[in-house]
Amino acid sequence: MALKIWFEEARPQFLLASLVSVFVGVSLATYEGFPFKLFDFALATTGALVAHIGIHAFNDYSDFNTGIDLKVHRTPFSGGSGVLPSGKLEPIHVYYFGVACLLVVICIGIYFMATVGLAILPIGLLGIAIMYSYTSHLTRVGFGEAGCVVGFALWSIGPYFVLTGRYSLSILPVSLISGLMGVALLILNEFPDLEADRAGGRRTIPIMLGLRRASRIYSLVVVSMYVWLLVLVAVRILPVYALMALLTLPIGIKVITLVLSGYETDQKLMQALALNVIMVLVVPFLVSLGIIIGTFY
């Protein structure tokens with residue numbers, strides 16, 4: 001029973017978002033001719049997933065202490081794990097769990113500094129800073145969405161560096177696909193939490209600009225992602241097979257339509273949230289699959 005509760009706290013259903021971001025970086029390294037190192041791939045993936053779990057833990061701890069968790073309208077897509085409001089775990093234990101995740105990530109980073117190079121240190125420091133301060137600081141000063149873009153991009157950049165030992169002018173623009181999908185997930189998930197977040201002192205895009213403008217910003221993010229994908233293929237940073245991700249375009253159009261026309265309607269918003277999750281997961285996956293196919297053809 002205890003393991004099941006900690007499993008709930010980790011929110012594994014959301015970890016796929018960081019996993020597909022890892023795939024983007026790994027597939028690009030393979031496409032550029034670098035050897036695939038199974039152990040390093042597995043360790044980098046573990047680090048990304050543990051970092052994501054740690055963010056969840058710090059998020060739950062902060063939201064419970066600020067009262068957000070007690071006021072939020074919880075949905076399958078937003079509102080936290082619900083573990084602390086239900087009394088299943090003690091807040092301090094969840095905080096220590098987040099710290100433990102942080103320490104694991106640091107240990108993995110030290111290993112890669114020793115085996116790949118000290119140049120990975122900036123990625124590690126930035127990632128750790130976002131992991132620890134995202135909920136407690138960034139979301140309170142209006143930089144939560146910016147931190148999300150950077151965090152998701154790092155989940156692509158980090159594994160790429162681990163496999164290649166270098167930064168490049170290719171991984172930075174390609175990682176933006178992960179970043180844009182991550183912030184698309186975040187912005188829409190903030191819609192149901194607007195009042196609870198406001199009461200808890202957060203400054204999110206829906207709070208600062210209102211739902212109408214936030215829905216337009218969300219739409220712009222999604223459109224920008226598809227346009228950016230076309231640009232990356234046009235300038236030959238990505239192979240043409242990466243355009244497989246355009247198969248999700250009908251989903252993207254549907255979500256935008258729902259958000260622009262029904263962000264104040266629970267039924268339309270829930271439908272949009274569900275479709276948004278599908279788009280956010282499938283786009284990076286198909287981009288990665290297209291890159292891998294381009295490696296052989």
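Structure: see above.
All of the points below concern the structure found in this document. This one's a predicted model, so the numbers in the text were calculated from it and none came from an experiment.

1. Topic: the packing of aromatic side chains
Now for step 1: Enumeration according to the criterion identifies ten aromatic pairs in this entry.
Now for step 2: Here Phe 58 and Tyr 95 contribute two aromatic rings whose centre-to-centre distance is 5.8 Å and whose plane-to-plane angle is 65°, an arrangement assigned as edge-to-face. On the criterion of sequence distance, the pair formed by Phe 58 in helix α3 (residues 38-65) and Tyr 95 in helix α5 (residues 91-115) is long-range, its members being 37 residues apart.
Now for step 3: You can call Phe 58 buried: its relative accessible area is 5%.
Now for step 4: For the ring pair Phe 161 and Tyr 167, a centre distance of 4.8 Å and an interplane angle of 40° mean the geometry is tilted.
Now for step 5: Within the aromatic cluster, the residues linked to one another by ring pairs are Phe 58, Tyr 61, Tyr 95, Tyr 96 and Tyr 132.

2. Some thoughts on the packing of helix α11 (residues 211-234) against helix α12 (residues 249-262)
Now for step 1: Two elements in contact, α11 and α12, have axes separated by 9 Å at closest approach and are oriented at 170°. Of the possible angle classes, the one that applies to α11 and α12 is roughly antiparallel. Between α11 and α12 lies a crossing whose hand is left-handed. Between α11, through Ser 215, Arg 216, Tyr 218, Ser 219, Val 222, Val 223 and Tyr 226, and α12, the contact on the second element is made entirely by Leu 249, Gly 252, Val 255, Ile 256, Val 259 and Leu 260.
Now for step 2: Residue classes in the contact of α11 with α12 are distributed as nine nonpolar, three polar and one charged.

Rules of the game
Residues numbered from 1 in each chain as written. Predicted model: local features only at pLDDT ≥ 70, side-chain atom pairs only at ≥ 80, totals over all residues. Heavy atoms only, no water. Phe/Tyr/Trp six-rings, centres within 6.5 Å; stacked < 30°, edge-to-face > 60°. Helix = DSSP H or I, 4+ residues; strand = E, 2+ residues; numbered from the N terminus. Buried < 20%, exposed > 50% of the residue type's maximum accessible area, 1.4 Å probe, protein only. Axes fitted to C-alpha atoms, helices over the stretch in contact; angles between N-to-C directions. Parallel < 35°, antiparallel > 145°, perpendicular 65-115°, else oblique. Left-handed = near helix turned anticlockwise from the far one by under 90°. Contact = heavy atoms within 4.5 Å. Nonpolar A, V, L, I, M, F, W, Y, C, P; charged D, E, K, R; others polar.

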